Amino acid sequence: MKKVAIYGQAYTISSEKEIKTLLSILNKHNVVVFFEQDFYNLLTQQLSLDKKYPTYAHFNDLSNSFDVLFTMGGDGTILRAVTYIRDLNIPILGINTGRLGFLATVQKNQINEAIALLLNKEYTIQERTLLEIKTNPETKEFSEINFALNEITVARRNTTSMIGVKTYLDGEYLTNYWADGLIIATPTGSTGYSLSCHGPVILPNSKSLIITPIAPHNLNARPMIIPDNTSIELKVNAREKDYLVSLDSRIATVNIGTSIYIKKAPFTIKSIVLKNQSYLKTLRSKLLWGEDTRNEAL
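Computed from a predicted model, the values in this text were never measured in an experiment.

*Asks:* It is not clear to me how the pairing of strand β8 (residues 151–155) should be interpreted in this structure. Could you clarify?
*Replies:* Among the 5 residues in β8, 5 count as buried, and that is most of the element. Alternating residues of β8 divide into E151, T153 and A155 and I152 and V154, and every residue in both groups is buried. Across 5 bridges, β8 lies against strand β11 (residues 181–185) in antiparallel orientation. Counted as the bridge partner of E151 is A185 from β11.

Below is the structure:
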């Protein structure tokens, strides 16, 4: 490990100790560190760093010469970091200073151990599927960054009335979902918004996508698992003149009459799984599977 990038949220610092711990270890092993520009500006204002560091501000400032991209935050931080990595194949390791942490799996007290495992190459790479969107007519907000790691969602906007989402799979009509919206989720996104709408959990290496309606009016509308090579087309009808489309946390307003085309992206995101980690272990921990909580209140 010779060169790494670090990304964090640029509006607050809640992990001063963890940042300094990470930098101390990396500097000790002569690893070149690049910071995301806005995050670095925040660090220099609020922390006393031991030296100056180079920065990056865009996808074009990075390359596949980077060995790792560390994120400091929660899962949302990783979703934003993906927009810098795109198809560069830079592996991601998330240090969890947030809350739930299905993606950011290194806890605050595990930084030393995590770096040691990285340096000793005691890890595997898990490839995670992304979704790609195209619209007709074109949506300006998605012209450059048209992919999502968790999910692509269509939803009603500024109204209490539902929307209808006509859904086609590989050109064949499936159904018209009358609901607050519709989620198309990846295996990674199965533990995100889709899960809160009663979607299933599927393993990251599953070759599947999930269609999950949001508060459907039709009580027989249920989440559906489809092969990840399926081409999806959505056509929305509603009382309002527009609706919302979101790619992870990036949102655009789209006019009624716009056709949405979704398919698996032509690249994957590389997630680092350390020797002492596993996805099933993460699920058990975060969802409290197998835990007996009956005596906690006593």
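After that view, the rundown keeps rolling.
*Asks:* Looking at this structure, how should I read the environment of A265?
*Replies:* Mapped onto the elements, A265 comes out in strand β17 (residues 259–274). Relative accessible area serves as the criterion here: at 9%, A265 is assigned to the buried category. Sequence separation between A265 and D87 is 178 residues, and the spatial gap between their C-alpha atoms is 9.9 Å. For A265, the residues in contact, after removing those within four places along its chain, are L130, L131 and E132.

*Asks:* What is the right way to look at the packing of aromatic side chains in this model?
*Replies:* For any two aromatic rings, the description comes down to two numbers: the centre-to-centre distance and the angle of the planes. If you walk through the whole model with that rule in mind, you get 8 aromatic pairs. Residues Y7 and Y84 carry aromatic rings whose centres are separated by 5.3 Å and whose planes lie at 50 degrees to one another, so their mutual orientation is tilted. With Y7 in strand β1 (residues 3–8) and Y84 in helix α3 (residues 75–85), this pair connects stretches of sequence that are 77 residues apart. Of the two residues, Y7 and Y84, neither departs from the other in class, the shared state being buried. Linked through ring pairs, F35, F39, Y40 and Y53 together constitute an aromatic cluster. Sitting over the ring of F66, K3 keeps its end group 4.4 Å from the ring centre.

Definitions and cut-offs
Residues numbered from 1 in each chain as written. Predicted model: local features only at pLDDT ≥ 70, side-chain atom pairs only at ≥ 80, totals over all residues. Heavy atoms only, no water. Buried < 20%, exposed > 50% of the residue type's maximum accessible area, 1.4 Å probe, protein only. Helix = DSSP H or I, 4+ residues; strand = E, 2+ residues; numbered from the N terminus. Pairing = 2+ DSSP bridges. Contact = heavy atoms within 4.5 Å. Phe/Tyr/Trp six-rings, centres within 6.5 Å; stacked < 30°, edge-to-face > 60°. Lys NZ or Arg CZ within 6 Å of the ring centre and 35° of its normal.

That is the geometry; function is a separate question.
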